[in-house]
Every structure is written in structure tokens, then in C-alpha cells.
Amino acid sequence: MTAPPARPTDRGARWSALLGLLAEHGRLSVTEVVESLGVSEATVRRDFADLAAQQLVTRTHGGIVATAVAYDLPARYKQAGSDDAKDRIAAYAADLAVEGSVVGFNGGTTTSAVARRLAARSDLAMSSRRPAVTVVTNALNIATEMVLRPFVRCVSLGGVARPESYELSGPLAAMVLGELWLDTVFLGVDAVSATAGAMCHHEGEAGINSLMVERSERVVVVATGAKLGTRAFARICPSSRIGLVVTDASAPAAAVAELRSAGISVEVV
């Protein structure tokens, strides 16, 4: 387990670091936290008890486990973190969020990985600014993880949820989103190309995702290589609205070249 770059000396920063470790590993022992955060056993046990009292964690013999309501997600989302390509994309994209900014996430395994990486950023957890970042999302699974971070203000859109993607859509989601402005939206897609833009398979999700794009200053598409140069049923936005595509080395060279020729930055990680 890798130690954070700085020792969290105040309780808020320590709790943020603890929850970040818990989101990554699912369970923690007293010894693991002592080694990772460089604090005393007494401090760790006190933090465990306080977090359990607030129902943020569940106590076990000698440690804690993640509270089911926050972290017991279906397998497709748990497996996202074990995908090397998605993890590299998430690590790069999460660092693009600026402290104090408003960032948006739609649903999907890649955006979920980016959100999880963002929530684990130690610089945000230890920031004196509250909130250090505001997250706006129509994805239920992302909202349930972000709400536990003391340094994150989480805004969840209303609407009707789709069990396939956990995304909320419909007029309620559109009504709330229409009153907000986002600095950056991290957009998960089913397909993206220079000619057709960003696309997904479901027209209802495309409508809300399109509105997220309209309300954002910057659009960052996060997509594994297999999605580049392909098409899907419903268009989210034209390629002219995409500022950056973060993808992996499996992306077809021709598709990457076409995106760059269209004036879109492409980062291959």
C-alpha cells in the first residue's frame, strides 16, 4: 500500500485519506493505516470508531470494511479498476481537474474510474478550500462514492435511472442541469470519431450527456482505444465540441490521426 505524499495531520485530511484507501482496497486494518498514514494506533482506532459512528464504514475485528451502500457496486464497476488501460486513462484524466473547479461526469466504467481517481487525489483532500472540487453527475454510482468525500461537493441530477448504466435522464435531470455551469465534463462514450463526434447507444442518455456538454467550458472524452473511429446509435456532440480525447495505446493510429487533423488534442497513455 503506497503512502500519501504528506502526512495528514488534521482529522479532515486524515479521514479523506482513509476513505480514499478504503475505496481502493475495500477493507483496512489498523496496521495498514498506521504504515500508510504515519499516525499512531490510538489515532487510527479513534478514527475508525468515529467513522463507524457516522455509518461511513463498518467495524471489523482489527479494522474496517467499506459500507455496502457506498461501495458494494455491481461487478462491471468493480472490475473497471483492474483494467490497465482504463486505469491509465483515469490516472491521467483525474489530474486535469483544477482545484476549486466544477467537473461533470456521465455514467460508465471509464468515467467511474476517473471519478474514483479524482476522489483519491491527496492535494484535494488536504486543500484548505472547501469544497476543493464540485462534482456534478447523473450517475448514481459516482454520486454514492463522491458524497463520502469531505472535500467534494457532490451534485446529483434528478431523473429516471437506467440499471444498465446507473445514469439518470429525462426532464428532471435536464431541468437541474440547465441551471448549472461546468468547467470541465469528463465524457464517457460508446464511440468517437472525427466525422461523427461523440456517441452512445441510448438516446435518452445521449440527450442528457449532450446537455452536459452544452453547459461545459471544456469537454474531455475518456475512451479506450476500441471506441475510437467507430459509430454508435445516438450522437452526444459533434467533434468540434471535444477539446481532448484521453485514450490508450490500442487506439487505431488512423483514428487518432483523424481526430488530431480535426483540431482535437489526443493524449495516448
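Residues numbered from 1 in each chain as written. Predicted model: local features only at pLDDT ≥ 70, side-chain atom pairs only at ≥ 80, totals over all residues. Heavy atoms only, no water.

Under the annotation held in an unreviewed UniProt entry, the chain carries the name DeoR/GlpR family DNA-binding transcription regulator and is attributed to Pedococcus aerophilus.

(A) Seen up close, the nonpolar core. In this structure, L187, V189, V221, L228, I236, I242 and V245 are the most contacted members of the largest nonpolar core, which totals 33 residues. Elements with a contribution of two residues or more to this core: α10 (171-177), β9 (182-188), β11 (197-200), α11 (203-214), β12 (216-222), β13 (234-237) and α12 (253-261). The greatest single-element share of this core, amounting to five residues, is contributed by α11. Other than its neighbours up to four places away in sequence, V221 contacts L187, V189, I242, L244, V245 and V246. Core analysis: the next-biggest nonpolar cluster, separate from the first, contains 27 residues, A115, L124, F186 and V246 among them. (Core = buried A, V, L, I, M, F, W, Y, C linked by side-chain atoms within 4.5 Å. Buried < 20%, exposed > 50% of the residue type's maximum accessible area, 1.4 Å probe, protein only. Helix = DSSP H or I, 4+ residues; strand = E, 2+ residues; numbered from the N terminus. Contact = heavy atoms within 4.5 Å.)

(B) Just the pairing of strand β6 (residues 152-156), in detail. Summarising the sheet, strand β5 (residues 133-137) and β6 pair through five bridges and their orientation is parallel. Following the sheet pairing, V133 is matched in β6 by V152. For the handedness criterion, the β-α-β arrangement of β5, helix α9 (residues 140-146) and β6 is classed as right-handed. (Pairing = 2+ DSSP bridges. Right-handed = clockwise from strand over helix to strand, strands pointing away.)

(C) View of the pattern of salt bridges. Evaluated as defined, the whole model comprises seven salt bridges. Linking R14 and D47 is a salt bridge whose minimum nitrogen-to-oxygen distance equals 2.5 Å. Here the residue R14 occupies a position in helix α1 (residues 11-25), and D47 occupies one in helix α3 (residues 41-53), the gap between them amounting to 33 residues. Owing to a relative accessible area of 9%, R14 belongs among the buried residues under this scheme. Look at D47 and you get buried, because its relative accessible area is 2%. Ionic pairing is found between R116 and E145, a salt bridge with its closest N-O pair at 2.7 Å. Separated by 29 residues along the polypeptide, R116 in helix α7 (residues 109-119) and E145 in helix α9 bring together distant segments of the chain. (Salt bridge = Lys/Arg side-chain N within 4 Å of Asp/Glu carboxyl O.)

(D) Geometry of the packing of aromatic side chains. Summed over the entire model, instances satisfying the criterion amount to one aromatic pair. One residue, R215, lies across the ring of W181, its end atom 3.8 Å from the ring centre. (Phe/Tyr/Trp six-rings, centres within 6.5 Å; stacked < 30°, edge-to-face > 60°. Lys NZ or Arg CZ within 6 Å of the ring centre and 35° of its normal.)

(E) Summary view of the confidence of the model for the chain. The pLDDT averaged across the chain works out to 88; a share of 90% of its residues lies at or above 70. Counted against residues more than four places away or in other chains, residues 1-5, with its pLDDT under 50, gives nine contacts. Low pLDDT, under 50, characterises residues 68-82; the predicted model gives this stretch 31 contacts beyond four residues in sequence or across chains. (pLDDT = per-residue confidence, 0-100.)

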